[in-house]
Structure formats: structure tokens, C-alpha cells
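A look at the structure
Okay, here's what each chain looks like letter by letter:
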Amino acid sequence: MRFSAFSVCALAGLSAAGPLGDLNRRADVVSLLTDLYANVQVYTGAINATLETLSPSSSVIEKTAALPQVGEAFNSINTAIKDTTSSISELTPEDAPAEPEKRSVGVVAHPVEKRQVDTATVLLTLIIIEVVATIAGAIAIFGVAALLIYINPVTGSLAALILAVQLILNVVLSSVTILLNTLLAGLALTIGGLGA
Ligand SMILES: *[C@@H]1O[C@H](CO)[C@@H](O)[C@H](O)[C@H]1NC(C)=O
């Protein structure tokens, strides 16, 4: 499944439309996620390029030689996700609602606010699909066992990223969490390797 970068840019552009100071932290979340999506694609592109030189029937020697490169790129993805999560957490708003109770996206009253949440949701969705699809491609070549050490941190940091976005936007992004769980379950993986 592929989403066009254009539609992401178009959606991300919406964040610039929020003139209210109250919405700045949400715009920041959107720009941080936009940057992350771009960064992640650099590393998934590198992984894909390496995978293209291999097939499931490549020799063990060829695969063993390529694995460190792929692993390093997954480590870079993990670092990028964690850095973004830290940046998002640092946005901790002084203007947070007095009662930080969670609410579902469906009941966000302000249309601009809802649009920011929608944009963040789309970006998280794109990031998750990009990373998990690339993990799936790597598993097809190397098998799960050889990759767990690299991909467990990535799935754990994706889950932490979702939590950070939920906290800062004060919404529950259950569709995104379900997507991550479902895609990982399809690969017989779990978040952060828990229970694996
Ligand atoms: C890498 O490959 C995966 C799986 O085919 C694909 O979903 C993803 O978009 C690709 N990414 C890049 C940057 O080529």
C-alpha cells in the first residue's frame, strides 16, 4: 500500500492555517511528524535498496553480509522515532487543560483543532505503514529471528510515539494503535517484542 507524498504535504500544509496560539503545539506535532516521515523514508529507502540486491534464495553468505547494513538502518529509524518522541514530549504545554481527561477524536468540538488531530493521525498512519511494510520486506529475506534484535526496539518506539502524540493532543488515537497492533500481528510480531 502506498500513499503519495503529495497528499501528506497537502495535509501537513493545513497546520500552517491555525492562527490561534493555543494551536501552536498541535502545529508543532504535525511538523515534527512530517519531518519524521521524511527521515524514515530515507532509511526505509536504503533498506529497500539493499533488499533489492537479495532474494529469499540468496546464499547465507550474501544475507549475512547485508544484514548489518539493514540492521543499522533500522537502528537509525529507531533513533529518529525516539528523537521525535522526545521533541513531542518536550512540547508539554503550559496551556494544558486543567483536567487532562482523554476524549475521543469524534467529540473534538473545534473544527480547526479536529483538523490538526486528523493530520497527525494521517501522518502517524503513514509512518507506521512505511516502517512495518519495510519490516515485512526485510523479514521476507532474512526471516524474523535474525531481525528481532533490530525491529523490537522500532516497534516499541512506534508505540511510545503514539502515546506521546496522544498525551500532547489530549486525544485517544485508537485507530492508530489498532493499525499498529494489527499490522504487527500479521507479521507475528508484538510491540517491543513483548510476549514474543
Ligand atoms: C520500502 O518498501 C516497502 C515495502 O515494499 C514500501 O512499503 C515502502 O514504501 C518502501 N519505501 C521506500 C522509501 O522505498
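Described in the following lines is the structure provided in the data block. Sequence order sets the numbering: in each chain, residues are counted from 1 along the sequence as written. Local features in this predicted model are restricted to residues whose pLDDT is 70 or higher, and side-chain atom pairs enter the listing and the counts only when it is 80 or higher, whereas totals over whole chains, interfaces and linings include all residues. To get the side-chain values, take all heavy atoms of the structure and skip hydrogens and water.

What to know about the side chain of Ser58
Along the chain, the position of Ser58 falls in the loop between α2 (24-52) and α3 (60-90). Reaching out from Ser58, the side chain makes a polar contact with the backbone nitrogen of Ser55 at a distance of 2.8 Å. Only DSSP runs of H or I with at least four residues qualify as helices, and only runs of E with at least two residues qualify as strands; both kinds are numbered from the N terminus onward. What qualifies as a polar contact is a pair of N or O atoms within 3.5 Å, subject to a donor-acceptor requirement within protein and to the restriction that residues adjacent in sequence count only when both atoms come from side chains.

Concerning the site of the ligand
Any residue with a heavy atom positioned within 4 Å of a molecule or strand is treated as near that molecule or strand. Around the ligand, 8 residues are found, and the nearest of them are Gln41, Thr44, Asn48, Glu130 and Ala133. In this structure, Asn48 approaches the ligand through a side-chain N or O atom, which is 2.4 Å from an oxygen atom. Per-residue accessibility takes into account occlusion by the displayed protein chains alone, with areas from the Shrake-Rupley method and a 1.4 Å probe. Against a free-state accessible area of 370 Å², the protein chains account for coverage of 68% of the ligand. Contributions of two or more residues to the shell around the ligand are made by α2 and α4 (111-142). The leading source of residues in the shell around the ligand is α2, at 4 residues. Taken together, the residues of the shell around the ligand sort by class into 1 nonpolar, 5 polar and 2 charged. Put simply, Ala, Val, Leu, Ile, Met, Phe, Trp, Tyr, Cys and Pro go in the nonpolar bin, Asp, Glu, Lys and Arg in the charged bin, and everything else, Gly too, in the polar bin.

As for the pattern of salt bridges
What counts as a salt bridge is simple: a side-chain nitrogen of Lys or Arg found within 4 Å of a carboxyl oxygen of Asp or Glu. For the structure on display, the rule yields 1 salt bridge. Residue Asp118 is joined to Lys114 by a salt bridge in which the shortest nitrogen-to-oxygen separation is 2.9 Å. With Asp118 and Lys114 both in helix α4 and 4 residues apart, the pair spans about one turn of that helix. Type-normalised accessible area, obtained with a 1.4 Å probe on protein chains alone, sets the label of each residue: buried when under 20%, exposed when over 50%, and partly exposed for intermediate values. The exposure class assigned to Lys114 is partly exposed, which follows from its relative accessible area of 31%.

Let's talk about the packing of α3 against helix α5 (residues 144-169)
Here an angle of 0 to 180 degrees is reported between the N-to-C directions of two axes, which are lines fitted to C-alpha atoms, with helices fitted over the stretch in contact. Contact geometry of α3 with α5 gives a least axis separation of 9 Å together with a crossing angle of 15°. In terms of axis orientation, α3 runs roughly parallel to α5. Seen along the crossing, α3 lies across α5 with a hand that is left-handed. Of the residues belonging to the contact of α3 with α5, the class tally is 18 nonpolar, 7 polar and 1 charged. The labels follow the angle: roughly parallel below 35 degrees, roughly antiparallel above 145, roughly perpendicular from 65 to 115, and oblique for the rest. Two helices cross in a left-handed way if the nearer one is turned anticlockwise from the farther one by less than a right angle. They cross in a right-handed way if the turn is clockwise.

As for the nonpolar core
Only buried residues count toward a nonpolar core, which is a set of Ala, Val, Leu, Ile, Met, Phe, Trp, Tyr and Cys residues joined through side-chain atoms within 4.5 Å. Judged by nonpolar contacts, the single largest core of 51 residues is most densely connected at Leu33, Phe74, Ile135, Phe142, Leu147 and Val165. Secondary structure elements with two or more residues in this core: α2, α3, α4, α5 and α6 (174-186). Top element by residues in this core is α4. It accounts for 14 residues. Setting aside chain neighbours within four positions, we find Phe74 in contact with Ile47, Thr134, Ile135, Ala138, Tyr150, Ile151 and Val154. When checking whether two residues touch, look at their non-hydrogen atoms; a contact exists if any pair is within 4.5 Å.

All quantities given are derived from atomic positions and should not be read as evidence of function.
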